[in-house]
Amino acid sequence: MSSTPLQKLERVVIRFAGDSGDGMQLTGDRFTSDTAALGNDLSTLPNFPAEIRAPQGTLPGVSSFQVHFADHDIATPGDAPDVLVAMNPAALKANLRDLPEGATIIADKDEFTKRNLAKVGYAASPLEDGSLASYHLHALPLTSMTVDALADFDLTRKDKQRAKNMLALGLLSWLYSRDTSGTEAFLRAKFGAAPEVLEANLVALRAGHAYGETTEDFAVRYEVAPAPLPAGTYRTITGNQALAMGLVAAAHRSGLPLVLGSYPITPASDILHQLSAMKSHGVMTLQAEDEIAAVGMALGASFGGRLGVTTTSGPGLALKSETIGLAVSTELPLVIIDVQRGGPSTGLPTKTEQSDLLQAMYGRNGESPVAVVAAQSPSDCFDAALEAVRIATTYRTPVILLSDGYLANGSEPWRVPSPADLPTLEVTQATEPNDVDADGNPVFHPYLRDEETLARPWAIPGTPGLEHRIGGIEKADITGHISYDPANHDRMVRLRQAKIDRIADTLPPLEVDDPTGDARVLILGWGSTYGPIAAATRLVRATGAKVARAHLRHLNPLPADLGEVLRRYDRVLLPEMNLGQLALILRARHLVDVRSHTAVRGLPFTAVELAQLLHENLLELEGDHA
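Heads up: these notes are all about the structure in this document. These figures come from a predicted structure and were not determined experimentally.

### What to know about the sheet that holds strand β21 (residues 548-552)
Sheet architecture is open: five strands sit in the order β19-β21-β20-β23-β24, paired in mixed fashion. The sheet terminates laterally at β19 (512-513) and β24 (594-598), the two strands that pair on one side only. Bridge count between β19 and β21: two bridges; the pairing is antiparallel. Across the sheet, residue D513 finds its bridge partner in β21, namely R549.

### Some points on the side chain of T4
Assignment of secondary structure puts T4 in the segment before β1 (6-9). Not counting residues up to four positions away in its chain, the partners in contact with T4 are W174, F218, A219, V220 and R221.

### Focus on the sheet that holds strand β12 (residues 307-312)
Strands sit in the order β11-β10-β12-β13-β15-β14-β22 across an open sheet of seven strands; the sheet is mixed. At either margin of the open sheet sits one strand with a lone partner, and together these are β11 (283-287) and β22 (554-556). Each adjacent strand pair in this sheet contributes to an overall mean axis angle of 20 degrees, direction not counted. Two elements, strand β14 (residues 371-374) and β22, share two bridges in a ladder whose sense is antiparallel.

### Considering the pattern of salt bridges
This structure, assessed with the given rule, holds 24 salt bridges. Between D477 and R491 there is a salt bridge, and its shortest N-O distance comes to 2.6 Å. One end of the pair, D477, is in the loop between β18 (442-443) and α16 (486-502); the other, R491, is in helix α16, and 14 residues separate them in sequence. Using a relative accessible area of 14% as the deciding quantity, one classes D477 as buried. Of the residues examined, R491 reaches a relative accessible area of 45% and is grouped as partly exposed. Connected via shared salt-bridge partners are R571, D593, R595 and E620.

### Structural notes on unusual backbone geometry
Geometrically, the link from G343 to P344 is a cis peptide bond, its omega value of 5 degrees lying close to zero. Mapped onto the secondary structure, P344 falls in the loop between β13 (334-340) and α13 (357-362). In this structure, P557 follows N556 across a cis peptide bond, with omega equal to 0 degrees. With phi around 55 degrees, S177 is a residue other than glycine that occupies positive phi space. Its place among the elements puts S177 in the loop between α6 (164-175) and α7 (181-191). Phi is positive for I478, which is not a glycine, with a value near 75 degrees. Note that I478 resides in the loop between β18 and α16.

About the thresholds
- Residues numbered from 1 in each chain as written.
- Predicted model: local features only at pLDDT ≥ 70, side-chain atom pairs only at ≥ 80, totals over all residues.
- Heavy atoms only, no water.
- Pairing = 2+ DSSP bridges.
- Helix = DSSP H or I, 4+ residues; strand = E, 2+ residues; numbered from the N terminus.
- Contact = heavy atoms within 4.5 Å.
- Axes fitted to C-alpha atoms, helices over the stretch in contact; angles between N-to-C directions.
- Salt bridge = Lys/Arg side-chain N within 4 Å of Asp/Glu carboxyl O.
- Buried < 20%, exposed > 50% of the residue type's maximum accessible area, 1.4 Å probe, protein only.

Below, the structure written as structure tokens:
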């Protein structure tokens, strides 16, 4: 047992930062897994460089991983780090502006050479010039410590240095009382085929932990107690992992084989990777040569009676738009997952944004309505996938599911649901004629609609007696014959819109968090703003102020009671990581003065920023009332 005094903390935010080759994502991921095993609530924010191979030691090449863990329920990865682990000068410079005074910095002083300092514009080492006096600085020779620990290994110095992330992980695990047995098991599984590499990483990990035990650099170590969570089986999960699992669960509940047509694109590619490993669950993955082929494969699968899914990001959604319009016209189920990123064009491919909403709603030619849903957290991506499949298969329509880079790569604890608790997704496909002709003979009419949902029958090609036309040219109502009749086209356009509108009939009333029932300000959100809005609301309520909160899952159609909810409050605030796209829609549809708060920084909102927004509006309303 360590003789270092132990201090209990309620919460900690740690950011690991280094060059893209320093293994910061792996380090953060392993610290997160070990933290989850202790029962802490947690939330993470990986931050990747956009350059595939940025020059080593430069600002564009900095990669970071932030983890927020606590002994209570938390909603975000934290506004600012309490601890920064900086593996080189670039990592320090890129992240220093986010650190509050008094934060702890652990820096690898071996990397603060004249050459590395010059790369990022430091005239002198900040570890020695006093510029970090307002922080708790621990300048440690992490690289040389790692090399020394591996002195007996028949590895090159460069190969030994690669294990310094494990030494840093061992040190931080000691400092915050994390058990490293999970990481050791992970290393054995990962490097089992390379015994010397495995042993080197294990030795480095243990050396970091031992250094914490013996050094006098740290006067205290810390402990964060487990969070009180409902009983169940938990695992950490990223948004992309949750989407993949949700799709597979939906396929099983619906009885439909899952076919994914996908073209790799950041930050959606991991869904393809995850599903490609699930062939034993009846999943077929097809990596296409481009985005257009990918969505064509998915729509073809739907035509063939499968659950057709395609995954992409904003640029790919633009390319898929014509085929999505074809799915609207043919009225086939199709799930399109858009993991949004910074734009336009290539934009910020590894950063987050919410700027595809209007594209999802209207980015097709003609009157081409689709259902649009959005996930609100990494674990919620599982439920959002189930909901997207429910709508697509019930109403025979494309559904665009909006995630984003923050949700895709971030992680949190997820309570694994029991299969019995999953929704029932009953899917019916046509097996026999559904009408008779004038002579009383059985006939199949492909656009004879369900009275409740307005969905047309889903007939599988090759089914005897169910032959019918399909394609992008307008079809006659009921019969499905090609039609250029103006009145028929008007009717079919309105029917397709009415079908989307009918989805609202199955949605529950919008849940509004208004404890006292007399708040004057409502803060509304959609997608990944859920966490920052929830955290900001807690901060404001802690001061005694009253504020209501609501979050939208369904964006098209919107909940039927949304207008009534909006008109209930004196002021409605809507933070979005775009320039006010949902606010534009809500103002037009409900004639309510929805006030936008927007940012397109490639980063999620902070809780403090939104809390300040709420306080400012509350004060303004009080002034108007006075």
